[in-house]
Every structure is written in structure tokens, then in C-alpha cells.
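Topology and contacts: notes
Chain by chain, the residues:
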Amino acid sequence: MTTTTGTITATAGLRDRRPNALREGWLIAGRDLLHWVREPWGLVFGLAFNIMLILLFGFLFGGAIEVPGGGDYIAFLLPGMFALTMLFGLEGTMTAMAEDAKRGITDRFRSLPISSASVALGRAIADLANSALSLGVLMVGGLLIGWRPTTGPAEIALGIVLLLWLRFALLWLGVFLGLSFRGTGATTAVQVLVWPIGFLSTVFVSAETMPGWLGVVATWNPVSATATAARELFGNPTGVTSGWMAENAVLAASVWPLVITLVFLPLTATAYRHLRR
């Protein structure tokens, strides 16, 4: 009922106007945000799960994990968890797009005289706002358990921007998957994708503690690049003592999301054009 009401409201605001992708995207994003305000449990449980992982690894396993180059494990872990949260948001994006397409809501928007980019843009705006809120809550939680950034405001702001930049890129992957796979196994499929990528990274441990080939794979994971860059910009231990990533983490964290966006944004547009009832 909530979704239907929000859709009717958004539809009323879109009817009988000239196409304007940005304005229409904001209206559709408002519909998605209204749904979260009225049914916040997905956001709440997602945050609770991430907080549980922080507590589990930080306090249960953290005492047995040594960070190469030295430093406190909590300080190492938190920026990695921020990056992992950006990745985990992929599942929510995909599920929401798949549900809208399955229920015919996306088709209803497509029948209106609006820009073809509006629906995906609205989802991107709403999910990015959701991710920014989640990131803020996790950062406050990190401060409460002892995590501290030690650099200046400019570096901290850049670290936050890079985290949200990764989330922005992954949005298009999530929208593409949601438009392409709408069966009952879609959620399972995206979990199979997300979990290996998340854990085969440097979120929880440094790549230098892994076997050689596995360390290489983990180092060049886009999530690892963002995690390492965030650690560096926050002034936390990076767990990287040598190699290209030690000097170029910020560059890697800037380029990887750009590559993902350039690949999946056109694919999303194609999937939307070929969407059928």
C-alpha cells in the first residue's frame, strides 16, 4: 500500500509536463525515500548487521589479527567496513529495482512522458542518500568504540567522497541487475556476487598476510582500493607496506568506480529500453 501510494503521488507530479530528467529523478527519488520513512526496517536491519560485523571482527577476532606496519586493528577495520557497507547496498538497489519491475511500477513510469533516464536516476539519488545516512551512522558508531580519524577536514571529506563514489558506481550495477534478473533467484544471485567480493578484499585483513596469488586478487579488488584510500585519508593504518597500492590508493579508488560506471551505466540504459511487461 505504501509503495502504491508513493507511486501515485510521484505519477501525479510527473504527468502533463515536459521531460526533465533531473526534476523527474528527484520526484521518483522522493517516492523511494517516502517508502523508507514509512517502512524503515530494511535500513535498520542493514545497519544492525554491519554493526554486528564490526563488533564481531573488532572485539572477538581483532585481538588475534596483526596489522602489517603496525597500528590498532579497530582503526584498520573501520574504514574497511565503511567500504563494505557501500558494497552491501548493492543488494538493496537490485532488489528494489527488481520488485518495481516485477510489479509493473517501472512500466507505469515508462508509460509517462518523462525522460528514459528518470527512473534509474531517481533510484540512484534515493539509494545514495540512504548510503550517506548509513555511512554517517557507522562513523558515529565507530567514534563511540574508539575509532578516530587523525587527519584534517579536507582529507576526511575526500575519504567520505571516495566511499560514496564507490557506492554511486555500484548503484548502476545494482540497477542493471534489478532490471535484468527479476526471478525468485535474483536475490540469491546477487548475494553470491557480493559476499565473495566483500570478503576477498582487504576489509578485514591486509593482503600481505594472504598467500601470494590471493593477496594480488584482494589488492586489486575495487572495495580494497577504496578501503585502503579511506584508511590513508583518515590517517589510519593501511596494512600496506610496499607495492603500487601503497603510493596510489587514492588514484585506484578514483579510477575503479569510474570504470564500473562507464561499463554499467550504458548497460543499464540498454536494459531499461528493452524492459518488457
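Predicted model, so just to flag it, every value in this text is computed and none were measured.

Each aromatic ring pair is characterised by the separation of its centres together with the angle its planes make. Applying the stated criterion across every chain, the model contains 11 aromatic pairs. On the basis of an interplanar angle of 80° and a centroid distance of 6.4 Å, the ring pair of Phe82 and Phe234 is categorised as edge-to-face. In this pair, Phe82 sits in helix α4 (residues 73-103) while Phe234 sits in helix α10 (residues 222-234), placing the two residues 152 residues apart along the sequence. Classification of Phe82 by relative accessible area gives buried; the value is 0%. Residue Phe234 is classed as buried on the basis of its relative accessible area of 0%.

For the structure shown, the criterion picks out 1 salt bridge. Between Asp127 and Arg167 there is a salt bridge, and its shortest N-O distance comes to 3.7 Å. One end of the pair, Asp127, is in helix α6 (residues 118-144); the other, Arg167, is in helix α7 (residues 153-180), with 40 residues separating them in the sequence. Residues Asp127 and Arg167 agree in their burial class; the two are buried.

Turning to the environment of Ile125, a few remarks are in order. Along the chain, the position of Ile125 falls in helix α6. Judged by relative accessible area, Ile125 falls into the buried class, the value being 17%. Taking the C-alpha atoms as reference, Ile125 lies 8.9 Å from Phe168; in sequence the two are 43 residues apart.

In this section: a nonpolar patch on the surface. A surface patch of nonpolar side chains, about 690 Å² in accessible area, is lined by Val216, Trp220, Trp244, Leu251, Val255, Val259, Val263 and Leu267. Per element, the largest residue contribution to the nonpolar patch is 6 residues, and it comes from helix α11 (residues 244-273).

Parameters at a glance
- Counting restarts for each chain: residues are numbered from 1 in the order of the written sequence.
- Whole-chain, interface and lining totals are the exception, using all residues; otherwise, since this is a predicted model, local features are given only for residues with pLDDT of at least 70 and side-chain atom pairs are given and counted only at 80 or more.
- Excluded from the side-chain calculations are hydrogens and water; all other atoms, namely the structure's heavy atoms, are used.
- Aromatic pairs are defined between Phe, Tyr and Trp rings, using the six-membered ring for Trp, whenever the two ring centres lie within 6.5 Å; interplanar angles under 30 degrees are classed as stacked, those over 60 as edge-to-face, and all others as tilted.
- Numbered from the N terminus, helices here are DSSP runs of H or I no shorter than four residues, and strands are runs of E no shorter than two.
- Each residue gets one of three labels from its accessible area relative to the maximum for its type: buried under 20%, exposed over 50%, partly exposed in between, using a 1.4 Å probe on protein chains only.
- Counted as salt bridges are all cases of a side-chain nitrogen of Lys or Arg within 4 Å of a carboxyl oxygen of Asp or Glu.
- Only residues whose relative accessible area exceeds 30% and that form no salt bridge enter a patch; like-charged residues are grouped when within 9 Å of one another, and nonpolar side chains (Val, Leu, Ile, Met, Phe, Trp, Tyr) when within 5 Å.
- Note on areas: Shrake-Rupley with a 1.4 Å probe; residue coverage comes only from the protein chains shown.

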